[in-house]
Amino acid sequence: MKNFTSVDDIQDLKGLVALAKAVKAAPYANQQLGKNKTLGLLFFNPSLRTRLSTQKAALNLGMHPIVMNLNTEGWTLEFEDGVVMDGAASEHIKEAAQVVSQYCDVIAIRSFPTLTDKEKDEEEYVISAFKKYASVPVISLEGSTEHPLQAVADALTIEEFKTKERPKVVLTWAPHPKALPHAVPNSFVKVMKKADVDFIITHPEGYELNPEFTAGVTITHNQDEAFKDADFIYAKNWSSYIDYGKITSKDPSWTVTPEKMALTDNGKFMHCLPVRRNMIVADAVLDSDSSIVIPQSNNRTWSAQAILTKILENAE
Ligand code: CP
(Lines give C-alpha, C1' and ligand atoms only; values in the text may rest on other atoms or scores of the structure.)
Protein backbone atom coordinates (compact mmCIF):
# COMPACT_ATOMS: atom_id res chain seq x y z
CA MET A 1 0.00 0.00 0.00
CA LYS A 2 1.48 3.39 -1.03
CA ASN A 3 -1.09 5.85 0.36
CA PHE A 4 -4.26 5.35 2.41
CA THR A 5 -6.67 8.20 1.79
CA SER A 6 -9.82 6.33 0.73
CA VAL A 7 -11.62 3.04 1.30
CA ASP A 8 -10.87 2.54 -2.42
CA ASP A 9 -7.22 1.95 -1.40
CA ILE A 10 -8.29 -1.33 0.27
CA GLN A 11 -7.69 -4.21 -2.15
CA ASP A 12 -8.77 -6.99 0.22
CA LEU A 13 -11.05 -5.96 3.11
CA LYS A 14 -11.19 -9.48 4.57
CA GLY A 15 -7.39 -9.67 4.65
CA LEU A 16 -7.09 -6.18 6.17
CA VAL A 17 -9.62 -6.99 8.92
CA ALA A 18 -7.71 -10.22 9.61
CA LEU A 19 -4.49 -8.20 9.91
CA ALA A 20 -6.21 -5.73 12.29
CA LYS A 21 -7.34 -8.72 14.41
CA ALA A 22 -3.79 -10.10 14.40
CA VAL A 23 -2.19 -6.80 15.52
CA LYS A 24 -4.87 -6.50 18.21
CA ALA A 25 -3.95 -9.97 19.53
CA ALA A 26 -0.19 -9.21 19.47
CA PRO A 27 0.32 -5.41 19.38
CA TYR A 28 4.12 -5.47 19.88
CA ALA A 29 4.96 -8.42 17.62
CA ASN A 30 6.28 -6.20 14.81
CA GLN A 31 8.30 -3.51 16.62
CA GLN A 32 11.25 -3.77 14.22
CA LEU A 33 9.08 -2.70 11.28
CA GLY A 34 8.85 0.92 12.40
CA LYS A 35 12.26 1.20 14.07
CA ASN A 36 13.91 4.57 13.28
CA LYS A 37 10.85 5.62 11.25
CA THR A 38 8.88 8.79 11.97
CA LEU A 39 5.14 9.34 11.54
CA GLY A 40 4.15 12.99 11.16
CA LEU A 41 0.56 13.72 12.21
CA LEU A 42 -0.70 17.08 10.90
CA PHE A 43 -4.02 18.32 12.23
CA PHE A 44 -6.01 21.16 10.68
CA ASN A 45 -8.98 20.23 12.94
CA PRO A 46 -9.67 18.87 16.45
CA SER A 47 -9.49 15.18 17.35
CA LEU A 48 -9.45 12.87 20.35
CA ARG A 49 -9.59 9.30 19.02
CA THR A 50 -7.71 9.70 15.74
CA ARG A 51 -4.91 11.70 17.31
CA LEU A 52 -4.29 9.28 20.19
CA SER A 53 -5.05 5.94 18.55
CA THR A 54 -2.83 6.65 15.52
CA GLN A 55 0.08 7.67 17.77
CA LYS A 56 -0.46 4.52 19.84
CA ALA A 57 -0.49 2.39 16.69
CA ALA A 58 2.79 4.00 15.56
CA LEU A 59 4.42 3.42 18.95
CA ASN A 60 3.28 -0.24 18.92
CA LEU A 61 5.19 -0.63 15.62
CA GLY A 62 8.33 1.00 17.02
CA MET A 63 7.75 4.29 15.12
CA HIS A 64 8.26 7.80 16.50
CA PRO A 65 5.11 9.90 16.08
CA ILE A 66 5.39 13.70 15.93
CA VAL A 67 2.25 15.81 16.01
CA MET A 68 1.50 19.34 14.87
CA ASN A 69 -1.73 21.37 14.93
CA LEU A 70 -1.03 22.97 11.59
CA ASN A 71 -4.00 25.35 11.68
CA THR A 72 -2.95 27.02 14.95
CA GLU A 73 0.80 26.34 15.17
CA GLY A 74 1.99 26.38 11.55
CA TRP A 75 2.20 29.00 8.80
CA THR A 76 -1.01 29.50 6.88
CA LEU A 77 -0.65 27.46 3.69
CA GLU A 78 -1.40 28.43 0.10
CA PHE A 79 -2.82 25.64 -2.07
CA GLU A 80 -3.42 27.50 -5.37
CA ASP A 81 -0.71 27.47 -8.04
CA GLY A 82 0.57 30.65 -9.64
CA VAL A 83 -0.94 33.11 -7.17
CA VAL A 84 0.67 36.27 -5.85
CA MET A 85 0.94 35.42 -2.18
CA ASP A 86 0.05 38.86 -0.83
CA GLY A 87 -2.72 37.57 1.50
CA ALA A 88 -2.85 35.57 4.73
CA ALA A 89 -0.92 32.52 3.44
CA SER A 90 2.82 32.58 4.25
CA GLU A 91 3.95 29.25 2.79
CA HIS A 92 3.01 27.26 -0.30
CA ILE A 93 2.06 23.60 -0.01
CA LYS A 94 4.80 22.81 -2.59
CA GLU A 95 7.56 23.67 -0.10
CA ALA A 96 5.66 22.59 3.03
CA ALA A 97 4.95 19.04 1.79
CA GLN A 98 8.54 18.55 0.58
CA VAL A 99 9.95 19.89 3.85
CA VAL A 100 7.77 17.61 6.00
CA SER A 101 8.73 14.65 3.77
CA GLN A 102 12.37 15.16 4.84
CA TYR A 103 11.44 14.80 8.52
CA CYS A 104 8.86 12.02 8.27
CA ASP A 105 8.69 8.57 6.66
CA VAL A 106 4.88 8.71 6.59
CA ILE A 107 2.64 11.79 6.75
CA ALA A 108 -0.91 11.61 8.15
CA ILE A 109 -3.30 14.54 7.72
CA ARG A 110 -6.68 15.60 9.10
CA SER A 111 -8.44 18.25 7.06
CA PHE A 112 -12.22 18.72 7.25
CA PRO A 113 -14.32 20.11 4.38
CA THR A 114 -15.30 23.75 3.99
CA LEU A 115 -18.97 22.61 3.61
CA THR A 116 -19.39 25.75 1.49
CA ASP A 117 -17.25 24.94 -1.57
CA LYS A 118 -18.42 21.53 -2.81
CA GLU A 119 -15.96 21.42 -5.72
CA LYS A 120 -12.94 22.16 -3.52
CA ASP A 121 -14.12 19.64 -0.90
CA GLU A 122 -14.66 16.90 -3.50
CA GLU A 123 -11.14 17.48 -4.83
CA GLU A 124 -9.85 16.76 -1.30
CA TYR A 125 -7.69 19.80 -2.00
CA VAL A 126 -5.53 19.55 1.15
CA ILE A 127 -4.83 15.80 1.14
CA SER A 128 -4.51 15.74 -2.67
CA ALA A 129 -1.91 18.52 -2.52
CA PHE A 130 0.11 16.63 0.11
CA LYS A 131 -0.09 13.50 -2.07
CA LYS A 132 1.08 15.53 -5.07
CA TYR A 133 4.08 17.19 -3.44
CA ALA A 134 5.13 14.81 -0.63
CA SER A 135 7.78 12.20 -1.39
CA VAL A 136 6.55 9.79 1.32
CA PRO A 137 3.25 7.88 1.83
CA VAL A 138 0.21 9.88 2.92
CA ILE A 139 -2.58 8.68 5.24
CA SER A 140 -5.94 10.41 5.70
CA LEU A 141 -6.91 11.05 9.31
CA GLU A 142 -10.26 12.28 7.88
CA GLY A 143 -10.45 14.36 4.78
CA SER A 144 -13.25 16.35 3.14
CA THR A 145 -15.08 13.32 1.78
CA GLU A 146 -13.74 10.22 3.56
CA HIS A 147 -12.59 8.88 6.95
CA PRO A 148 -11.09 5.55 5.87
CA LEU A 149 -9.32 4.67 9.16
CA GLN A 150 -12.69 4.95 10.91
CA ALA A 151 -14.24 2.67 8.27
CA VAL A 152 -11.66 -0.07 8.86
CA ALA A 153 -12.30 0.12 12.62
CA ASP A 154 -16.05 -0.11 11.91
CA ALA A 155 -15.62 -3.18 9.69
CA LEU A 156 -13.47 -4.84 12.37
CA THR A 157 -16.08 -4.06 15.05
CA ILE A 158 -18.90 -5.60 13.00
CA GLU A 159 -16.75 -8.66 12.32
CA GLU A 160 -16.09 -9.07 16.07
CA PHE A 161 -19.69 -8.57 17.25
CA LYS A 162 -21.68 -10.28 14.49
CA THR A 163 -23.72 -13.33 15.48
CA LYS A 164 -24.82 -14.19 11.94
CA GLU A 165 -22.81 -14.96 8.81
CA ARG A 166 -24.47 -12.07 6.97
CA PRO A 167 -25.73 -9.48 9.48
CA LYS A 168 -28.18 -6.68 8.68
CA VAL A 169 -26.42 -3.31 9.07
CA VAL A 170 -28.32 0.00 9.08
CA LEU A 171 -26.75 3.43 8.63
CA THR A 172 -29.20 5.95 10.06
CA TRP A 173 -29.10 9.74 9.93
CA ALA A 174 -29.83 11.36 13.31
CA PRO A 175 -30.28 15.02 14.31
CA HIS A 176 -27.44 17.35 15.35
CA PRO A 177 -27.27 21.09 16.11
CA LYS A 178 -24.29 21.78 13.81
CA ALA A 179 -23.59 21.14 10.12
CA LEU A 180 -21.39 18.05 9.92
CA PRO A 181 -19.28 16.58 7.09
CA HIS A 182 -20.11 13.50 4.99
CA ALA A 183 -16.75 11.78 5.44
CA VAL A 184 -17.76 9.17 8.05
CA PRO A 185 -21.01 8.06 6.35
CA ASN A 186 -19.31 8.08 2.92
CA SER A 187 -16.49 5.80 4.06
CA PHE A 188 -18.89 3.61 6.05
CA VAL A 189 -21.04 3.16 2.93
CA LYS A 190 -17.95 2.27 0.87
CA VAL A 191 -16.67 -0.26 3.39
CA MET A 192 -20.10 -1.90 3.88
CA LYS A 193 -20.35 -2.31 0.09
CA LYS A 194 -17.13 -4.34 0.29
CA ALA A 195 -18.31 -6.37 3.34
CA ASP A 196 -20.54 -9.44 3.43
CA VAL A 197 -23.55 -7.70 5.01
CA ASP A 198 -27.15 -6.81 4.24
CA PHE A 199 -26.78 -3.01 4.18
CA ILE A 200 -29.51 -0.34 4.30
CA ILE A 201 -29.35 3.45 4.65
CA THR A 202 -32.15 5.47 6.22
CA HIS A 203 -32.45 9.25 6.34
CA PRO A 204 -35.06 12.00 6.00
CA GLU A 205 -35.84 13.30 2.50
CA GLY A 206 -33.22 15.83 1.41
CA TYR A 207 -30.37 14.07 3.23
CA GLU A 208 -29.30 11.88 0.30
CA LEU A 209 -25.53 11.32 0.34
CA ASN A 210 -23.46 11.72 -2.84
CA PRO A 211 -25.07 9.15 -5.20
CA GLU A 212 -21.57 8.12 -6.38
CA PHE A 213 -21.10 6.57 -2.92
CA THR A 214 -24.58 5.11 -2.40
CA ALA A 215 -25.16 3.62 -5.88
CA GLY A 216 -26.63 0.13 -5.50
CA VAL A 217 -27.50 0.49 -1.79
CA THR A 218 -31.11 0.24 -0.52
CA ILE A 219 -32.23 3.60 0.87
CA THR A 220 -35.46 4.24 2.79
CA HIS A 221 -36.96 7.30 4.45
CA ASN A 222 -38.81 5.00 6.90
CA GLN A 223 -36.44 4.60 9.86
CA ASP A 224 -38.69 2.12 11.71
CA GLU A 225 -38.86 -0.10 8.64
CA ALA A 226 -35.07 0.00 8.29
CA PHE A 227 -34.51 -0.91 11.96
CA LYS A 228 -36.68 -4.07 11.73
CA ASP A 229 -34.56 -7.16 12.56
CA ALA A 230 -31.29 -5.19 12.23
CA ASP A 231 -28.14 -6.56 13.85
CA PHE A 232 -26.22 -3.26 13.82
CA ILE A 233 -27.47 0.32 13.97
CA TYR A 234 -24.80 2.83 12.94
CA ALA A 235 -26.03 6.33 13.75
CA LYS A 236 -24.47 9.47 12.29
CA ASN A 237 -25.49 12.97 11.45
CA TRP A 238 -24.49 14.61 8.22
CA SER A 239 -25.45 17.92 6.65
CA SER A 240 -27.35 18.06 3.39
CA TYR A 241 -25.35 17.08 0.31
CA ILE A 242 -27.93 18.42 -2.17
CA ASP A 243 -28.31 21.75 -0.31
CA TYR A 244 -24.60 21.55 0.32
CA GLY A 245 -23.51 21.91 3.94
CA LYS A 246 -26.93 23.10 5.16
CA ILE A 247 -29.06 21.77 8.03
CA THR A 248 -32.55 21.20 6.66
CA SER A 249 -33.90 19.11 9.55
CA LYS A 250 -33.31 18.57 13.26
CA ASP A 251 -36.33 16.25 13.53
CA PRO A 252 -36.07 14.66 17.01
CA SER A 253 -38.13 11.67 15.86
CA TRP A 254 -34.88 10.42 14.20
CA THR A 255 -33.02 10.17 17.55
CA VAL A 256 -32.12 6.55 18.31
CA THR A 257 -34.21 5.55 21.34
CA PRO A 258 -34.80 2.27 23.24
CA GLU A 259 -38.16 2.01 21.44
CA LYS A 260 -36.37 2.14 18.06
CA MET A 261 -33.73 -0.37 19.20
CA ALA A 262 -36.57 -2.71 20.28
CA LEU A 263 -37.44 -3.08 16.58
CA THR A 264 -34.02 -4.66 15.91
CA ASP A 265 -32.93 -8.25 16.44
CA ASN A 266 -31.06 -7.50 19.67
CA GLY A 267 -29.11 -5.00 17.55
CA LYS A 268 -25.86 -3.36 18.57
CA PHE A 269 -25.56 0.44 18.56
CA MET A 270 -22.52 1.99 16.83
CA HIS A 271 -21.26 5.57 16.42
CA CYS A 272 -17.80 6.87 15.51
CA LEU A 273 -17.82 9.38 18.44
CA PRO A 274 -17.89 12.12 19.58
CA VAL A 275 -21.66 11.77 19.99
CA ARG A 276 -24.27 14.28 21.17
CA ARG A 277 -26.32 12.54 23.86
CA ASN A 278 -30.09 12.81 23.52
CA MET A 279 -29.70 14.36 20.06
CA ILE A 280 -28.20 11.47 18.07
CA VAL A 281 -28.96 8.79 20.65
CA ALA A 282 -30.82 8.54 23.94
CA ASP A 283 -28.81 8.02 27.14
CA ALA A 284 -30.75 4.80 27.69
CA VAL A 285 -29.30 3.33 24.47
CA LEU A 286 -25.75 4.68 24.83
CA ASP A 287 -25.54 3.46 28.43
CA SER A 288 -27.07 0.05 27.65
CA ASP A 289 -25.37 -3.26 26.87
CA SER A 290 -26.43 -2.85 23.23
CA SER A 291 -23.97 0.03 22.78
CA ILE A 292 -20.56 -1.00 21.41
CA VAL A 293 -19.17 2.51 20.86
CA ILE A 294 -16.30 2.02 23.36
CA PRO A 295 -14.91 -1.21 21.80
CA GLN A 296 -15.53 0.44 18.41
CA SER A 297 -13.26 3.35 19.42
CA ASN A 298 -10.66 0.88 20.73
CA ASN A 299 -10.54 -0.61 17.25
CA ARG A 300 -9.25 2.71 15.90
CA THR A 301 -5.79 1.70 17.19
CA TRP A 302 -5.86 -1.67 15.43
CA SER A 303 -7.21 -0.17 12.23
CA ALA A 304 -4.37 2.40 12.18
CA GLN A 305 -1.78 -0.24 13.10
CA ALA A 306 -2.93 -2.52 10.28
CA ILE A 307 -2.69 0.35 7.75
CA LEU A 308 0.74 1.49 9.03
CA THR A 309 1.92 -2.13 8.82
CA LYS A 310 0.83 -2.35 5.17
CA ILE A 311 2.51 0.97 4.32
CA LEU A 312 5.77 0.16 6.14
CA GLU A 313 5.92 -3.32 4.57
CA ASN A 314 5.53 -1.74 1.13
CA ALA A 315 8.36 0.72 1.86
CA GLU A 316 10.77 -2.05 2.94
N1 CP B 1 -14.12 9.24 15.31
C2 CP B 1 -13.13 10.17 15.26
O3 CP B 1 -12.49 10.38 14.22
O4 CP B 1 -12.90 10.78 16.45
P5 CP B 1 -11.99 12.08 16.61
O6 CP B 1 -12.63 13.17 15.77
O7 CP B 1 -12.02 12.41 18.08
O8 CP B 1 -10.61 11.78 16.13
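Since this is a predicted model, take the numbers as computed values, not measurements. (Residues numbered from 1 in each chain as written. Predicted model: local features only at pLDDT ≥ 70, side-chain atom pairs only at ≥ 80, totals over all residues. Heavy atoms only, no water.)

1. Some details on empty space enclosed by the protein
Applicable threshold: Cavity: a set of points on a 1 Å grid over the protein atoms alone where a 1.4 Å probe fits but cannot get out. Pocket: an open set with protein on both sides within 12 Å along at least five of seven lines, its lining residues, like those of a cavity, having an atom within 4 Å of a point. Grid points are joined across faces, edges and corners, and a volume is the space filled by probe spheres set on the points. Following the grouping adopted for this structure description, the nonpolar residues are Ala, Val, Leu, Ile, Met, Phe, Trp, Tyr, Cys and Pro, the charged ones are Asp, Glu, Lys and Arg, and the polar ones are all others, Gly among them.
This structure, assessed with the given rule, holds 2 cavities of 30 Å³ or more. Of the volumes computed, that of the largest cavity is approximately 40 Å³. Along the walls of the largest cavity sit Trp173, His176, Lys178, Ala179, Leu180, Tyr207, Asn237, Trp238, Ser239, Ile247 and Ser249, which together make up its complete lining. Along the lines of polarity and charge, the residues of the lining of the largest cavity split into 6 nonpolar, 4 polar and 1 charged. In this structure, the second largest cavity occupies an estimated 30 Å³ of space. Lining of the second largest cavity is provided by His176, Leu180, Lys236, Asn237, His271, Pro274, Val275, Arg276 and Ile280. Considered class by class, the residues forming the lining of the second largest cavity number 4 nonpolar, 3 polar and 2 charged.

2. Details of the UniProt feature "binding site: N(2)-succinyl-L-ornithine" (unreviewed entry) in the protein
Going by this rule: UniProt positions are given in the numbering used here, feature names are shortened, and annotations may be inferred rather than shown by experiment. Helix and strand labels come from DSSP, where a helix needs a run of H or I of at least four residues and a strand needs a run of E of at least two; each type is numbered from the N terminus. Only heavy atoms matter for contacts: two residues are in contact if any of them lie within 4.5 Å across the pair. Between N or O atoms, a polar contact is any pair within 3.5 Å; within protein, one atom must be a potential hydrogen donor and the other a potential acceptor, and residues adjacent in sequence are included only when both atoms are from side chains. In this scheme, a residue with accessible area under 20% of its type's maximum is buried, one over 50% is exposed, and one in between is partly exposed, where area comes from a 1.4 Å probe on protein chains only.
Mapped onto this numbering, the UniProt entry annotates "binding site: N(2)-succinyl-L-ornithine" (unreviewed entry) at Glu142, His176, Lys236 and Arg276. The annotated residues contributing to the lining of the largest cavity are His176. Within the fold, Glu142 resides in the loop between strand E6 (138-140) and helix H7 (148-161). Excluding residues that lie within four positions of it along the chain, Glu142 makes contacts with Ile109, Arg110, Ser111, Phe112, Ile127, His147, Pro181, Ala183 and Val184. Looking at Glu142, its side chain comes within polar contact range of the side chain of Arg110, at 3.3 Å. The topology assignment puts Lys236 in strand E10 (residues 232-236). Its relative accessible area of 8% is what places Lys236 among the buried residues. The residues touching Lys236, leaving out its near neighbours within four places in the chain, are Leu171, Thr172, Trp173, Ala174, Leu180, Val184, Pro185, His271, Cys272 and Ile280.

3. Details of helix H4 (residues 93-103)
For clarity, the cut-off: The directions from the helix axis to the C-beta atoms form the arc being described.
Listed as buried for H4 are Ile93, Ala96, Ala97, Val100 and Ser101. The buried residues of H4 all sit within an arc of 130 degrees when viewed along its axis, so they share a single face.

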